[in-house]
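Listed below are the residues making up each chain.
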Amino acid sequence: MVKIFKRITDIILVLAIILLAVYFVFRFVGKIEISEVETGSMEDGIHAGDYILIYKKNKYDVGDVITYKKKGYYITHRIIKKKNKGIVTKGDANNVEDDPIEVDSIVGKVILVGGILNLIIKFKYAIAAFLLFLYLISCYIGKEELVKETNISKKDDEKENNIDRVKNNKLDILSRKRIRKKIKGEYRKNK
């Protein structure tokens, strides 16, 4: 049971490290970003307060929900038209379409909305504490297993040493007996 727990804990920790590494690599190269939605302009699909995961693409299509930058603010709306001068977007809950924007102002396409992302971001400190707790337990269990294995191997070594000593003692006894017989035999010959 302890070994299964240790193995599961190690798998969870490795997966968490891999996910964080992938996220930070994508974040570093500018391919991924996380943002919080401020307004309800995309209501029913995206609510105010939801976190969104944005992925930078080379091409965007009509129907894609994108986030773009305008006057220092992020705006998340759906592409409804493509024009020569740019792209036209509109919030799902809005009645009026936005002014056309240039493709260069697009931060990326929304690929994940709320749900697990909201939980991860809102409880990031609790999750980090839980992962640290798992790591410490994993280390402790690993140490206990190592101590047990070391004690077992020490006991095995002691048994082997004892067996070797007994064998050596038997050999010594046999050798002494042979030497005595030989000495007695030579002593008898000399008489």
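Here the structure is shown first, and the text comes after it.
Residues numbered from 1 in each chain as written. Predicted model: local features only at pLDDT ≥ 70, side-chain atom pairs only at ≥ 80, totals over all residues. Heavy atoms only, no water.

Caption draft 1: Representation of the overall build of the protein chain in the model. Scanning the protein chain from terminus to terminus reveals three helices and six strands. Ordered by position in the sequence, the α and β elements of the protein chain form the string α-β-β-β-β-β-β-α-α. Each of the 191 residues in the protein chain was classed as buried or not, and the buried ones make up 23%. In the protein chain, the share of contacts with a sequence separation of at least 24, taken over all contacts with a separation of at least 6, comes to 50%. (Helix = DSSP H or I, 4+ residues; strand = E, 2+ residues; numbered from the N terminus. Buried < 20%, exposed > 50% of the residue type's maximum accessible area, 1.4 Å probe, protein only. Contact = heavy atoms within 4.5 Å.)

Caption draft 2: Representation of the environment of Gly49 within the structure. For Gly49, the location among the structural elements is in the loop between strand 1 (32-36) and strand 2 (51-55). With a relative accessible area of 22%, Gly49 lands in the partly exposed category. Residues contacting Gly49, with those up to four places away along its chain left out, are Glu36, Val37 and Asn118.

Caption draft 3: Focus on the pattern of salt bridges. Considering all chains together, one arrives at four salt bridges under this definition. For Glu97, the salt bridge goes to Lys81, with nearest N and O atoms at 3.4 Å. A residue pair is termed long-range when its members are at least 10 positions apart, and Glu97 in the loop between strand 5 (86-90) and strand 6 (106-113) and Lys81 in strand 4 (residues 73-83) qualify at 16 residues. Glu97 gets classed as partly exposed once you look at its relative accessible area, which sits at 35%. The class for Lys81 is partly exposed, based on a relative accessible area of 35%. (Salt bridge = Lys/Arg side-chain N within 4 Å of Asp/Glu carboxyl O.)

Caption draft 4: Region of interest: the nonpolar core. Among the nonpolar cores identified, the biggest contains eight residues, and these are Val37, Met42, Ile46, Ile52, Ile54, Val65, Val107 and Val110. Mapped onto this core, the elements with two or more residues apiece are strand 2 and strand 6. Apart from the residues within four sequence positions on either side, Val107 is in contact with Glu33, Ile54, Lys56, Thr67, Tyr68, Lys69 and Tyr74. With seven residues, the next largest nonpolar core counts Ile79, Ile87, Ile101 and Ile106 among its residues. (Core = buried A, V, L, I, M, F, W, Y, C linked by side-chain atoms within 4.5 Å.)

Caption draft 5: Structural view of the layout of surface pockets. As a volume, the largest pocket reaches approximately 770 Å³. Leu19, Leu20, Tyr23, Ile34 and Ile120 are the residues nearest the centre of the largest pocket, which is lined by 21 residues in total. For the lining of the largest pocket, the secondary structure elements donating two or more residues are helix 1 (2-28), strand 1, helix 2 (116-122) and helix 3 (124-190). When its volume is computed, the second largest pocket comes out at roughly 230 Å³. Forming the walls of the second largest pocket are 15 residues, and the residues nearest its centre are Glu38, Thr39, Tyr74, Ile75 and Thr76. At four residues, strand 4 tops the list of elements feeding residues into the lining of the second largest pocket. By residue class, the composition of the lining of the second largest pocket is six nonpolar, seven polar and two charged. (1 Å grid on protein atoms, 1.4 Å probe; cavity = no way out; pocket = protein on both sides within 12 Å on 5 of 7 lines; lining within 4 Å. Points joined across faces, edges and corners; volume = space filled by probe spheres on them. Nonpolar A, V, L, I, M, F, W, Y, C, P; charged D, E, K, R; others polar.)

Caption draft 6: Spatial organisation of unusual backbone geometry. Look at Asp44: it is not a glycine, yet its phi comes out positive at around 85°. Judged by its relative accessible area of 74%, Asp44 is exposed. Although it is not a glycine, Lys71 adopts a positive phi angle of roughly 55°. Positionally, Lys71 belongs in the loop between strand 3 (65-70) and strand 4.

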